[in-house]
Each structure stands twice: as C-alpha cells, then as structure tokens.
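What follows is each chain in one-letter form.
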Amino acid sequence: MFTDGKQKYLGIASHCVVGDDCRLAGNLLVQPSVADGGGKDDVIGEVHQCTDLTQPELTTDFCLIIPKVDVDPNILGLELKPTGKYADVKPGMQVVMSGRTSGVREGTIMATNVMVKIEYQCGYKVFKNGILATALSLEGDSGAPVIAKDTGDYVGYIVGGSSTMSLIGYGKLLEKEFKVKPVA
Amino acid sequence: MVNLSSFNIYRKYKAWRVSKRLDRLFKENVILGYGWQGATPVIFIKTNDLKAREVVRSQISFIQPIVIETDEFKALSGFFSISKDKDQLSQEPRHA
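Cut-offs and rules
- Residues numbered from 1 in each chain as written.
- Chains lettered and ligands numbered in written order.
- Predicted model: local features only at pLDDT ≥ 70, side-chain atom pairs only at ≥ 80, totals over all residues.
- Helix = DSSP H or I, 4+ residues; strand = E, 2+ residues; numbered from the N terminus.
- Rg over C-alpha atoms; globule rule 2.2 N^0.38 Å.
- Buried ≥ 20, exposed ≤ 12 C-beta atoms within 10 Å, placed from the backbone.
- Contact = placed C-beta atoms within 7 Å.
- Core = buried A, V, L, I, M, F, W, Y, C linked by C-beta atoms within 7 Å.
- Domains from an automatic or database assignment.
- Nonpolar A, V, L, I, M, F, W, Y, C, P; charged D, E, K, R; others polar.
- Pairing = 2+ DSSP bridges.
- Arc of directions from axis to C-beta.
- Right-handed = clockwise from strand over helix to strand, strands pointing away.
- pLDDT = per-residue confidence, 0-100.

Enquirer: Sorry if this is basic, but what is going on with the overall build of chain A here?
Expert: Along the backbone of chain A there are one helix and 13 strands. Each helix (α) and strand (β) of chain A, taken in turn from the N terminus, gives the series β-β-β-β-β-β-β-β-β-β-β-β-α-β. Against the globule reference of 16 Å for 184 residues, chain A gives a C-alpha radius of gyration of 15 Å, in line with a compact fold. In terms of principal-axis extent, the alpha carbons of chain A reach across some 45 × 35 × 30 Å. For chain A, the residues scored as buried account for 49% of the 184 residues in total. Taking the intrachain contacts of chain A between residues at least 6 apart in sequence as the baseline, contacts between residues at least 24 apart amount to 61%.

And the structure:
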C-alpha cells in the first residue's frame, strides 16, 4: 500500500487496467478476476492515477487504486513487515516477491538503471530506469511488490521480463511521479 | 605515480563514451537493452544472435561488459478484471 499523506492506495501495474490500445479500459478493479471466480460483488477499488502507456518511452508502469474494502498493508506470504521506505537498490541485492501466480519467490538484482525494449499489448515501448533481477515472476505476477530481503524496504513492482530475467519498475521513481510513499 | 584526479576524469569519460555507444546500438536494435552493475555495463542481446555478439565484442570490449543472452522482454499477462460498469464485468483475462 501507498500513501500521499491524505489517502491510502493500492498499487498495481498500469498495463493491468488498459485495453489493447493501452488506454484505460475502465475504473473498477475486480479481485479475484472473473476468470478466477470473481464477480460484481468483488469490486475492491477504483482507479485514481495511472502511467500513460500510450507514450513511446516509460519510466513507470504503475497505477494507484483507491480501495473500497479494508486492506491489510502486510504482503501476503511474507514475514517481513513493510517499513514505509523505498530501498536503495544495488546489484547483488537479495530480494523477495509475492505474486498472484508465483507466490513468494526470491531473486538477486542483476542490473540497475536499465533500458530495454518491452512488448506491451499495443506494441513495443522503451522502458527506462528499470531494474533487472533473476527470474522471479510468471504470467499474472505484474504489479507484485518486490522487497529487499534484509531490510523489508520497497524495491519496486514487477513489470515484465524475459524467460531468464524479471523487469522491475523502480520504486523510488513513484515518489517523484506519483508523490506517494509505501505505507509502514 | 598515478594522478587520481586524472584517472577519475578518464574513467568518467570512458563510461560516457560507452553509454553513447550503447544508446546507439539500442536505437539500431542491435541489442535488446542494457543496464549497469556499478561502472560495468550489462548488455542484453538475443540468444544466439551472432551479429550482436560480434558488434558488442568489437565495439564495447574495451570496458569489459557483462553480456547476457536472453529472449525478448514482454509485459507479463495474467488474470485480472477491470470494468466501467460492475454489472458488465469483462470475462477476458487482463494483463496483470
């Protein structure tokens, strides 16, 4: 969870809420999804602010959701408690992720300040200032929080990856672009 | 005796020069992308892309990069629902 000091938000990847043209497909978030057995009584939040994915170059792929239900700020499956801090990310750092498909998985940061070409539903984009880690994530894990294993500080969120690596959006950039901090 | 100030300027110049080359190779679609392990560039190229391997070897080898062969990067898809109207929820799996 995140806060701007007034409101608490859920954080997800922006490409979760856009259509094939990379424009916002709606404003109501349903969890679990219809495919996972969810329905109209499972609306958990409303879209507040998202990265514009129609741009050719991105430094974030993130969306703030105003929750409509009570939300536990702890991360499912992790004993580490959220610290309310963004991590200073360095290569070699051990991280842990909790995702919808993979559950809890550990990995290692391989490179920072990464620029890659990444395929979205509306075509290729250049993703800048990302982080690459050993393969942590699978289909369905996008937006999952990645945490520093030794401190519990927030590293970032899963965006995508290749078969051997995971691309993570850098958490610290959310402070600048969305004016939010993780909730402790 | 090494002049540390000159050495640092040279190191910064070398990093700047390699950044420019990597930018160019990225824009020309020779490499999939790049990042950094401290001052060492980490270069991603397509698996078995002999041309990219050769270009990196001939143009970037002076700074001893880490070269990683991989397939293309994709935004991960999954199952997620988003709707404008809660009575008309999408049945389609969303990217998530």
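Structure shown, so let's carry the discussion forward.
Enquirer: Got a minute to help me understand the overall build of chain B in this structure?
Expert: Helix and strand content of chain B: two helices and five strands. Ordered by position from the N terminus, the helices and strands of chain B form the series α-β-β-α-β-β-β. Out of the 96 residues belonging to chain B, those deemed buried represent 31%. The long-range fraction of contacts in chain B, counting pairs at least 24 apart against all pairs at least 6 apart in sequence, stands at 30%.

Enquirer: How should I be thinking about the nonpolar core in this particular structure?
Expert: In summary, soluble globular proteins display a tendency toward joint burial of nonpolar side chains. Residues and elements named next belong to chain A. The biggest cluster of nonpolar side chains holds 76 residues, and the ones touching the most others in it are Cys-63, Val-95 and Val-155. Counting residues per element, this core draws most heavily on strand S8 (residues 103-120), which supplies eight residues. Taken together, domain 1 (2-67) and domain 2 (94-171) each give at least three residues to this core, which thus spans both. Setting aside residues up to four positions removed in sequence, Cys-63 forms contacts with Ile-12, Ala-13, Ser-14, Cys-16, Val-17, Val-47, Cys-50 and Thr-51.

Enquirer: Would you explain the domain arrangement of chain A in this entry?
Expert: When the parts of a complex come together, some accessible area is lost, and that lost area is often taken as the interface size. All names here are of chain A. Domains assigned within chain A are domain 1 (2-67) and domain 2 (94-171). Tallying the contact residues gives 16 residues for domain 1 and 13 residues for domain 2. Looking at the side of domain 1 that touches domain 2, the elements with two or more residues in it are strand S2 (8-12) and strand S5 (57-58). Here the residues of the side of domain 1 that touches domain 2 are counted per class, giving eight nonpolar, four polar and four charged.

Enquirer: Looking at this structure, how should I read the interface of chain B and chain A?
Expert: Contact residues are listed per partner, giving 34 residues for chain B and 48 residues for chain A. At the level of secondary structure, the elements contributing two or more residues to the side of chain B that touches chain A comprise strand S1 (33-37), strand S2 (40-46), strand S4 (73-75) and strand S5 (81-83) of chain B. Per element, the largest residue contribution to the side of chain B that touches chain A is five residues, and it comes from S1(B). In terms of residue class, the side of chain B that touches chain A is built from 15 nonpolar, 12 polar and seven charged. Pairing of S8(A) with S1(B), which is carried by three bridges, proceeds in the antiparallel orientation. If you follow Met115(A) over to S1(B), its bridge partner there is Tyr34(B).

Enquirer: I would appreciate a short explanation of the pairing of S1(B) in the present structure.
Expert: Strand residues, when the strand is regular, have side chains that alternate between the two faces of the sheet. Strand direction decides the pairing type here: S1(B) and S2(B), joined by five bridges, are antiparallel. Each bridged residue has a counterpart across the sheet, and for Gly35(B) the counterpart in S2(B) is Val42(B).

Enquirer: Explanation requested: helix H2 (residues 50-60) of chain B in the structure shown.
Expert: Because an α-helix packs 3.6 residues into every turn, residues spaced three or four apart end up facing the same way. Residues and elements named next belong to chain B. Three or more residues of H2 are buried, namely Ala-52, Val-56 and Ile-60. Taken end-on, H2 shows its buried residues confined to a sector of 35°, consistent with a single buried face. Along H2, exposed side chains directed more than 90 degrees from the buried face belong to Leu-50, Lys-51, Glu-54, Arg-57 and Ser-58.

Enquirer: Help me understand the pairing of strand S3 (residues 66-70) of chain B in this model?
Expert: Residues and elements named next belong to chain B. Note: S2 against S3, five bridges, orientation parallel. Bridge pairing in S3 links Ile-45 to Glu-69. Between S2 and its parallel partner S3, the chain crosses via H2, and the hand of that crossover is right-handed.

Enquirer: Looking at this structure, how should I read the confidence of the model for chain A?
Expert: Detail in the predicted coordinates should be disregarded across regions flagged by low pLDDT. Residue-level pLDDT values for chain A average 92, and 100% of them are 70 or greater. The secondary structure element of chain A with the lowest average pLDDT is strand S3 (residues 28-30) of chain A, at 86, and the one with the highest is S5(A), at 97.

Enquirer: Just checking my understanding: could you explain the environment of Arg100(A) for this structure?
Expert: Along the chain, the position of Arg100(A) falls in the loop between strand S7 (94-99) and S8. Considering only alpha carbons, one finds Arg100(A) and Leu138(A), 38 residues apart in sequence, at a separation of 8.9 Å.

Enquirer: What's the story with unusual backbone geometry in this structure? I'm lost.
Expert: Negative phi values dominate among residues other than glycine, just as trans dominates among peptide bonds. Residues and elements named next belong to chain A. Residue Pro-32 is reached from Gln-31 by a cis peptide bond, and omega for that bond is 0°. Within the fold, Pro-32 resides in the loop between S3 and strand S4 (43-50). Unusually for a residue other than glycine, Asn-113 sits at a positive phi of about 50°. Looking at the element boundaries, Asn-113 is found in strand S8. We classify Asn-113 as partly exposed; it has 16 C-beta atoms within 10 Å.

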